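Each chain, written out:
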Amino acid sequence: MYIIMLGAQGTGKGTVAGLISKETGFPQISTGDIFRQNIKEKTELGIEADKYISQGNLVPDEITVPMVTNRLSDKDAENGAILDGFPRTIEQAQKLDEILAKSGKKVDLVINLTTPREELIDRMITRRVCPKCKATFNTKLHPPKVDGICDNCGETLVQREDDSNPEAINRRLEIYEEKTSPLVEYYADKNVLRTEVISTSINRLADVVSKEIVEFIKSK
Ligand code: AMP
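Just so you know, the residues in each chain are numbered from 1, in the order the chain's sequence is written. Residues qualify for local features only when their pLDDT is at least 70, as the model is predicted, and side-chain atom pairs are given and counted only at 80 or more; totals for whole chains, interfaces and linings, by contrast, use all residues. Excluded from the side-chain calculations are hydrogens and water; all other atoms, namely the structure's heavy atoms, are used.

Undergrad: Let's hear about the site of the ligand: which residues, and what values?
TA: Around the ligand, a shell composed of 16 residues is seen, among which T31, N57, G85, R88 and Q92 lie nearest. Within the contact set of the ligand, an oxygen atom lies 2.6 Å away from a backbone nitrogen or oxygen of N57. Under the rule applied, a polar contact is a pair of N or O atoms within 3.5 Å (in protein, one hydrogen donor and one hydrogen acceptor; residues adjacent in sequence only if both atoms are side-chain atoms). At 3.0 Å from an oxygen atom of the ligand is found a side-chain nitrogen or oxygen belonging to R160. In isolation the ligand exposes 480 Å². Once the protein is present, 97% of that is buried. Think of it this way: one heavy atom of a residue within 4 Å of a molecule or strand is enough to make that residue near it. A 1.4 Å probe and the Shrake-Rupley method give the accessible areas. Residues count as covered only by the protein chains that appear here.

Undergrad: How would you sum up the environment of E23? Please name residues and give values.
TA: By secondary structure assignment, the location of E23 is in helix 1 (residues 13-24). On the accessibility criterion, E23 (47% relative accessible area) is partly exposed. Residues E23 and E215, 192 residues apart in the sequence, show an inter-C-alpha distance of 9.7 Å. What E23 contacts, discounting residues up to four positions off in sequence, is V214 and K218. We count a stretch as a helix when DSSP gives it H or I for four or more residues in a row; a strand needs E for two or more, and each element gets its number in order from the N terminus. Throughout this description, buried means an accessible area under 20% of the type-specific maximum (1.4 Å probe, protein chains only), exposed means over 50%, and partly exposed covers the range between. Contacts: residue pairs with any heavy atoms within 4.5 Å of one another.

Undergrad: Please provide a residue-by-residue account of the pattern of salt bridges, values included.
TA: In what follows, salt bridge is the name for a side-chain nitrogen of Lys or Arg lying within 4 Å of a carboxyl oxygen of Asp or Glu. Enumeration according to the criterion identifies 19 salt bridges in this entry. One salt bridge connects R71 with D76, and the closest N-O pair in it is separated by 2.9 Å. Residue R172 is joined to D163 by a salt bridge in which the shortest nitrogen-to-oxygen separation is 3.1 Å. Residue R172 shares its accessibility class with D163, and that shared class is buried. Each of the salt bridges in this network shares a partner with another, and the network as a whole consists of R127, R160, D162, D163 and R172.

Undergrad: Tell me about the packing of aromatic side chains, and please be specific about residues and values.
TA: Pairs were defined over the aromatic rings of Phe, Tyr and Trp, the Trp ring being its six-membered one, requiring ring centres within 6.5 Å. Orientation was assigned from the angle between planes: stacked under 30 degrees, edge-to-face over 60, tilted for the rest. Under the defined criterion, the tally for this structure stands at one aromatic pair. Aromatic pair Y186 and Y187: ring centres 5.0 Å apart, planes at 90°, arrangement edge-to-face. For Y186, a relative accessible area of 16% translates into the label buried. Y187 sits in the buried class, given a relative accessible area of 0%. Two conditions define a charge located above a ring, namely a distance within 6 Å from the ring centre to NZ of Lys or CZ of Arg, and an angle within 35 degrees of the ring normal. Between R194 and the ring centre of F216, over which it is positioned, the NZ or CZ distance is 4.7 Å.

Undergrad: Account for the environment of G80, naming residues and giving values.
TA: Its place among the elements puts G80 in the loop between helix 4 (61-72) and strand 3 (81-84). On the basis of relative accessible area, G80 is assigned to the buried category, the value being 1%.

See below:
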């Protein structure tokens with residue numbers, strides 16, 4: 001089953017994708033994580049991508065699409081995957097349809113996470129990530145058991161560079177509205193969209209939502 005996580009930055013896509021991955025066994029493919037790993041290792045791809053990411057802009061399709069195509073051809077993704085951060089534009093969604101169609105596959109489910117805007121910025125500022133196993137925490141909503149340390153692998157947690165830069169935060173939210181939000185209609189038209197609200201105001205967070213989605217996936 002091929003699942004896409006949609007939603008503005010800070011909604012909890014990574015957290016929900018991670019929980020679904022753990023329960024279903026489908027790999028979580030996060031384009032942001034792949035870029036960050038490449039930036040850390042100073043690969044050619046990482047150096048190029050960092051020019052865009054540090055400013056909160058999208059990395060061009062010439063770099064992003066082949067990277068996703070390669071990752072989807074790995075053995076662990078042959079029966080399904082959870083795409084977290086791709087597609088982000090209608091063009092990328094069309095490319096993804098083409099990539100999957102080549103092996104007789106399609107997008108089966110799109111989970112659209114929505115969160116009130118005022119909560120999103122706070123969540124980005126309080127997000128902490130594990131540079132080693134990529135787990136995501138939040139100092140307020142989902143703190144690690146030991147302050148600043150990853151629950152899974154014991155690594156010291158860090159703040160993403162683009163989460164500590166107010167201009168990059170605003171730019172990412174602007175790009176989401178302009179380029180990514182049209183995907184909601186794109187996938188609604190294909191009858192694969194499932195929208196979920198994640199908000200502290202209604203006490204509905206990633207754990208509850210993920211559990212319901214896992215039950216839904218297993219019932220399919
Ligand atoms: P994320 O971890 O999903 O928030 O992604 C971090 C950054 O990586 C984004 O702000 C973009 O600069 C870049 N990025 C991730 N996925 C894509 C994509 N599908 N297309 C273009 N840029 C991307």
